[in-house]
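Residue-level structural notes
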Amino acid sequence: MHVTRLVLDHYRSWKHCLVDFEPGVNVLYGRNGLGKTNIVEAVEVLATGGSHRTSATVPLVERGEKTATIRANVVDGINDDDNSSLDTANTTTYAVTLPVRGGNKARVNGGASQPLRSVVGQVRAVVFAPDDQLLVSMDPARRRAFLDSAGAQLIPGYYELAQEFARIAKQRAKLLRQIGQERSLGHGVGPLLDALEAWTGSFIDRGLRLTQARSKVCALLEKPFASIYADLSGGGTASMLYAPGFAEAEAVCEAPVARQDWQSEPQVGVSVLEAISGHFQRIFDGEVAQSRNLIGPHRDDVMFMLDGAPAKEYASNGEMWTIALALKMALFTVLEGRPAQDGSPTGAPVLILDDVFSQLDAARRLQIVEFAFRQEQTLITVAAPGDVPEGIEAHMIDVHKIKEDSDVSAW
């Protein structure tokens, strides 16, 4: 698949933006602050339902506006004879609406409005960004965000499940805070405890489903990740291990999964449910005191091992970069080999390289360039045309010119 046209309205720094892409390598160049990253980020939002730069919708909307819109034409495959887009019968048009308040919506080919979750995963994209190295060295939230971005594209229903769990976790934490406040005033908390019990049941149920889904994501990635790391590093050994926030739920990760829509009951035994429920009872006072959920998928992590040692503690900066590159390449490889969802466009994901060349040494820059050349479509952002490694033949896009044209059209 490849994107042929992208139109943004009131998206981040863009009041209006229209950009045409071609199959193969597309380079968006221009000084910092013009909005290059905002353009490619919009493709990521369409693909995954979110951005690696923020977990909220509000920053995606131009300041002072109520709604941002992303529209994209996506073509199913390319014509091998002339490397041009196929006819319009193979083009799907997506329109995503991102309001400051309310749910995100989407339309496909001008059809009825539907929740964004209905189209997440139909367009697929993998982003390489300057902060990818921090996937290894920084806090677990970054690694959970990667799992969610990957899961949204790999597993039907994942995006909705992750959103639902986040909503339940927020409500449960709110109840814990209310219980603590009422206790401090000497008030009875019986009704609040009844409500907490119900929300805890939902928290465990959705949490176990999310645990299974994330375990499946890691299982899909671990072998290609190890193989690609060995190739990139010249024979090094790396592995990844999912560490669930429900410590009692490790058996869940080995349980067979009956359905991949993750709407069925979680495949766990009564002993696991009892163990988790019992743990919640033991930590109840601590949760009330801190007004937060102390166990669950919101505390999940992914551990990277390098030659048998924790990469976070022992890997060099270069090795961390190689781990991050191998992880993203593994995701790309797995996505490329999986069937499209719901009759959506087929083909390899769109590859996005957002200002990464300045962060990589010569060897890793060459590795990522060779990878990019093999893909159906690659979008690259750089500050100046000279920042593109030699030998790349690309469709060059002057973002300053797009900005000038958008300013004129605004008047």
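Let us look at the structure shown here. (Residues numbered from 1 in each chain as written. Predicted model: local features only at pLDDT ≥ 70, side-chain atom pairs only at ≥ 80, totals over all residues. Heavy atoms only, no water.)

**Describing the pattern of salt bridges**
The condition that has to hold: Here, a salt bridge means any side-chain nitrogen of Lys or Arg that lies within 4 Å of a carboxyl oxygen of Asp or Glu. Per the convention used, a helix needs a DSSP run of H or I reaching at least four residues, while a strand needs a run of E reaching at least two, with both numbered from the N terminus. Note on classification: 1.4 Å probe, protein chains only; a residue is buried when its accessible area is under 20% of the maximum for its type, exposed when over 50%, partly exposed between these limits.
Applying the stated criterion to the full structure yields 18 salt bridges. Taking the shortest distance from any N to any O, the salt bridge between Asp132 and Lys328 comes out at 3.1 Å. Taken together, the positions of Asp132 in the loop between strand E8 (125-128) and helix H2 (134-137) and Lys328 in helix H9 (residues 317-337) put the pair 196 residues apart, joining distant regions of the chain. Here Arg214 makes a salt bridge to Asp148, at a shortest N to O gap of 3.0 Å. You can see Arg214 sitting in helix H5 (residues 190-233) and its partner Asp148 sitting in helix H3 (residues 140-154), a full 66 residues away along the chain. The buried category is assigned to Arg214, whose relative accessible area is 5%. Given a relative accessible area of 25%, Asp148 falls into the partly exposed group.

**Topic: the environment of Ile380**
Among the secondary structure elements, Ile380 is positioned in strand E13 (residues 377-382). By relative accessible area, which is 1% here, Ile380 ends up buried. Between the alpha carbons of Ile380 and Tyr29 there is a distance of 8.3 Å; along the sequence they are 351 residues apart.

**A closer look at the environment of Asp131**
Where we set the bar: Under this definition, polar contacts are N or O atom pairs within 3.5 Å; protein pairs additionally need one hydrogen-donor-capable and one acceptor-capable atom, and for neighbouring residues in sequence, both atoms have to be side-chain atoms.
Here Asp131 is to be found in the loop between E8 and H2. As for Asp131 and Trp321, which are separated by 190 residues in sequence, their C-alpha atoms are 9.6 Å apart. Among the polar contacts made by the side chain of Asp131, one reaches the side chain of Arg142 at a distance of 3.3 Å.

**Some remarks on the environment of Glu370**
Within the secondary structure, Glu370 is located in helix H10 (residues 362-373). Since its relative accessible area comes to 42%, Glu370 is described here as partly exposed.

**Looking at the packing of H3 against H9**
Here is the rule we go by: Think of each axis as a best-fit line through the C-alpha atoms, taken over the contacting stretch in the case of a helix, with angles from 0 to 180 degrees between the N-to-C directions. Any angle between 65 and 115 degrees counts as roughly perpendicular, while under 35 counts as roughly parallel, over 145 as roughly antiparallel, and the rest as oblique. Contact criterion: two residues are considered in contact whenever any of their non-hydrogen atoms come within 4.5 Å of each other.
Running from amino to carboxyl end, H3 crosses H9 at an angle of 10°, the nearest separation of the two axes being 11 Å. The angle between the axes of H3 and H9 places the two elements in the roughly parallel class. Taken together, the residues of H9 that come into contact with H3 (itself represented by Phe146, Ala150, Gln153 and Leu154) are Leu327, Lys328, Leu331, Val334 and Leu335.

**Observations concerning unusual backbone geometry**
Of note, the phi angle at Asn109 is positive, near 55°, even though the residue is not glycine. Relative to the helices and strands, Asn109 is located in the loop between strand E6 (105-108) and strand E7 (114-115). Assessed through its relative accessible area of 51%, Asn109 is described here as exposed.

**Remarks on the nonpolar core**
What counts is decided by this rule: By nonpolar core is meant a set of buried Ala, Val, Leu, Ile, Met, Phe, Trp, Tyr and Cys residues that side-chain atoms within 4.5 Å join together.
Membership of the largest hydrophobic core comes to 71 residues, with the highest contact counts inside it found for Phe128 and Ile368. Listed in part, the 43 residues of the second largest apolar core include Leu34, Ala72, Leu98 and Leu379.

**Some remarks on the sheet that holds E7**
Note the cut-off: The pairing criterion for strands is at least two bridges between them, as found by DSSP.
The 6 strands lie next to each other as E2-E1-E4-E5-E6-E7, forming an open sheet whose pairing is antiparallel. Each end of this open sheet is capped by a strand with a single partner; those strands are strand E2 (14-20) and E7. One ladder, built from 2 bridges, connects E6 with E7; its direction is antiparallel. Bridge pairing links Ala106 to Gln114 in E7. Here helix H1 (residues 36-48) sits on the sheet and contacts strand E1 (2-11), E2, strand E4 (67-75) and strand E5 (91-99); the angle it forms with E1, its principal contact strand, is near 105°.

Functional significance is not addressed by these values, which are geometric in nature.
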